[in-house]
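What follows is each chain in one-letter form.
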Amino acid sequence: MSDAELVLRSTRVVTPEGTRAATVTVSAGTITAVLPYDAEVPAAARLEDVGDHVLLPGLVDTHVHVNDPGRTEWEGFWTATRAAAAGGITTLIDMPLNSLPPTTTVEHLRIKQDVARDKAHIDVGFWGGALPDNVKDLRPLHDAGVFGFKAFLSPSGVDEFPHLDQERLARSLAEIAGFDGLLIVHAEDPHHLAAAPQQGGPKYADFLASRPRDAEDTAIANLIAQARRLDARVHVLHLSSGDALPLIRAARAEGVRVTVETCPHYLTLTAEEVPDGASEFKCCPPIREAANQDLLWEALADGTIDCVVTDHSPSTADLKTDDFATAWGGISGLQLSLSAVWTEARERGHGLEDVARWMSTRTAGLVGLGASKGAIAPGHDADFAVLAPDETFTVDPAGLQHRNRVTAYAGRTLYGVVKSTWLRGERIVADGEFTAPKGTLLARPQ
């Protein structure tokens, strides 16, 4: 401890062994020890005593659409990473689509990295994209450090990122399995979507009917079958259908390498409360009924669902029309995800240890960063969120750091105020005041 530069102390530190009063020492941006609360502080170290606020590992959000370059008016690395930092997120992995160009070649990856490098307030990594015609680009992208590959099984919503049919899914997955990469999948079956009623208009019930649960269930069943055949690693993105959970449990029992995420909006918002015309609630797959939400929480509790990520997918306000059929589908949640999940979790009897596991430890593990992110433990990066868990605030869109301040959480009262966020031992935001960008661009550990 004698070489510690920084010491953080709290009566509630969330560690892999549980929550306890502790003193955390930091040197050169890395946690060096987690000591008893009353451990002596070296004379040369700076002490930050956060009192009874909770010291959490910085969150790791592995599903974020930054949209930069090309659609920077929708978001951008500067605003996205500020919003993330304000919400206690210290690492994000950027999705390959909605930017122009999409991250589907090494050249495109370099373009995105060049844009992000000086704008990142937190650490940023990148997913690659799997398209019908870029199988040849997958291994080079893997070698260049992407964390895995995103694919759609139904239309993505943007022409430059077409979806994979079953034949092309098999081809891409076989290539990715050859180097034991990870395929992450938007799983909705296009045939079930085409057969569903497509009414259009402002009624949320009509939109919900247009994206039925069986579209997810069938796509997930097909994905599991391909993963089983190829012994491939696959990850189901933004699960909303509780009906798919038995399929996933059975596949896991067989040894199929499938992991699953869900999102704060599926865990905290319900179809019954969405007003007609309120397309700030539109996402695909959709927010479903309260009974379905209960199934998702049960699956989080028993480990069937591994982790919780935002699927932050913003757009300009003009694209959020009152017609659910034509409005952009995406919910902005970076800044509010921790508070939203904690608000519902505490009502359901879960603790902050659970939230940290779902939103930090397991997400870090998903992308291979478990040795450096996702835990307050020696050898890990000194990334922290300082949270006042019993304080509340009412969501005011004007207070958001997102470029476009459209939010499904407007007016909701949430528990959990992020007091400060730390990246590798440096406080990057406190009480709404930000430092200059200090984030690093990450590559998949080799």
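The structure this text deals with has already been given above.
To start, this report covers the structure provided alongside it. (Residues numbered from 1 in each chain as written. Predicted model: local features only at pLDDT ≥ 70, side-chain atom pairs only at ≥ 80, totals over all residues. Heavy atoms only, no water.)

Let us look at the overall build of the protein chain. Along the backbone of the protein chain there are 12 helices and 18 strands. For the protein chain, whose C-alpha radius of gyration is 21 Å, the value lies close to the compact-globule estimate of 22 Å for 446 residues. With the C-alpha coordinates of the protein chain rotated into their principal frame, the extents come out at 70 × 45 × 45 Å. Per-residue burial over the protein chain gives 61% buried out of 446 residues. Put simply, 74% of the contacts in the protein chain that link residues at least 6 apart link residues at least 24 apart. When the 40 positive and 61 negative side-chain charges of the protein chain are each reduced to one mean point, those points stand 3 Å apart. (Helix = DSSP H or I, 4+ residues; strand = E, 2+ residues; numbered from the N terminus. Rg over C-alpha atoms; globule rule 2.2 N^0.38 Å. Buried < 20%, exposed > 50% of the residue type's maximum accessible area, 1.4 Å probe, protein only. Contact = heavy atoms within 4.5 Å. Lys, Arg positive; Asp, Glu negative; His and termini not counted. Charge placed at Lys NZ, Arg CZ, Asp CG, Glu CD.)

Ordered by their spatial adjacency, 6 strands build an open sheet running E9-E10-E11-E12-E13-E14, and the pairing between neighbours is parallel. Each edge of the open sheet is held by one strand with a lone partner, namely strand E9 (128-129) and strand E14 (307-308). The pairing of strand E11 (residues 182-186) with strand E12 (residues 233-236) spans 4 bridges and is parallel. Following the sheet pairing, Leu-182 is matched in E12 by Arg-233. (Pairing = 2+ DSSP bridges.)

What follows covers helix H4 (residues 166-178). With 13 residues, H4 extends 18 Å between its outermost C-alpha atoms, agreeing within 8% with the 18 Å of an ideal straight helix rising 1.5 Å per residue. Where H4 is buried, its residues meet helix H3 (135-143), strand E10 (149-152), E11, helix H7 (213-230) and E12. Capping the start of H4, Asp-165 holds a side-chain oxygen 3.2 Å from the backbone nitrogen of Glu-167, two or three residues further along. Just past H4, the residue Asp-180 takes up positive phi, approximately 55°. (Expected span 1.5 Å × (residues − 1). Polar contact = N/O pair within 3.5 Å; in protein donor to acceptor, adjacent residues only side chain to side chain.)

Spatial ordering of the open sheet is given by E6-E7-E8, a layout of 3 strands whose pairing is parallel. Two strands close off the open sheet at either side, each with one partner strand: strand E6 (59-64) and strand E8 (123-126). Averaged over neighbouring strand pairs, the angle between their axes works out to 20° when direction is ignored. One ladder, built from 4 bridges, connects E6 with strand E7 (residues 89-94); its direction is parallel. The residue bridging Val-60 from the neighbouring strand is Thr-91, located in E7. (Axes fitted to C-alpha atoms, helices over the stretch in contact; angles between N-to-C directions.)

We now examine the environment of Thr-90. Mapped onto the fold, Thr-90 is located in strand E7. With 32 residues separating them in the primary sequence, Thr-90 and Gly-58 have C-alpha atoms 5.1 Å apart. Setting aside anything within four residues of it in sequence, one finds Thr-90 in contact with Gly-58, Leu-59, Ile-122, Asp-123, Asp-383, Phe-384, Thr-421, Trp-422 and Leu-423.

With that settled, the discussion passes to the nonpolar core. Membership of the largest hydrophobic core comes to 98 residues, with the highest contact counts inside it found for Leu-56, Phe-149, Leu-183, Leu-239 and Val-355. Broken down by element, this core gets its largest block of residues, 6 residues, from helix H1 (residues 77-86). Among the nonpolar cores identified, the runner-up in size contains 20 residues, and Leu-131, Phe-147, Phe-161 and Val-367 belong to it. (Core = buried A, V, L, I, M, F, W, Y, C linked by side-chain atoms within 4.5 Å.)

Further remarks concern the state of the cysteines. Under the counting rule described, the total for this entry stands at 0 disulfides. Not part of a disulfide, Cys-263 finds its nearest cysteine sulfur in Cys-283, a span of 7.5 Å. With no disulfide of its own, Cys-307 lies closest to Cys-263 among cysteine sulfurs, the gap being 9.2 Å. We classify Cys-307 as buried; its relative accessible area is 1%. (Disulfide = S-S within 2.5 Å.)

All right, on to the packing of aromatic side chains then. The full count for this structure, using the stated rule, is 8 aromatic pairs. Seen in terms of ring centroids, Tyr-204 and Phe-324 are 5.3 Å apart; in terms of plane orientation they differ by 70°. Their pairing is edge-to-face. Taken together, the positions of Tyr-204 in helix H6 (residues 204-210) and Phe-324 in the loop between E14 and helix H11 (337-347) put the pair 120 residues apart, joining distant regions of the chain. Overall, the relative accessible area of 2% leaves Tyr-204 in the buried class. Through a chain of ring-to-ring contacts, the aromatic side chains of Tyr-204, Phe-207 and Phe-324 assemble into a single cluster. Cation over ring: Arg-82 sits above Phe-434, and NZ or CZ is 4.0 Å from the ring centre. (Phe/Tyr/Trp six-rings, centres within 6.5 Å; stacked < 30°, edge-to-face > 60°. Lys NZ or Arg CZ within 6 Å of the ring centre and 35° of its normal.)

A few words now on the pairing of E10. The alternating pattern of E10 places Phe-149 and Ala-151 on one face and Lys-150 and Phe-152 on the opposite face, and all of these are buried. Pairing between E9 and E10: 2 bridges, direction parallel. Bridge pairing in E10 links Gly-129 to Lys-150. Pairing geometry for E10 and E11, over 4 bridges, is parallel. Considered in E11, the bridge of Phe-152 is made with His-186. Read from E10 through H4 to E11, the crossover connection turns out right-handed. (Right-handed = clockwise from strand over helix to strand, strands pointing away.)

Shape is all these values report; function is a separate question.
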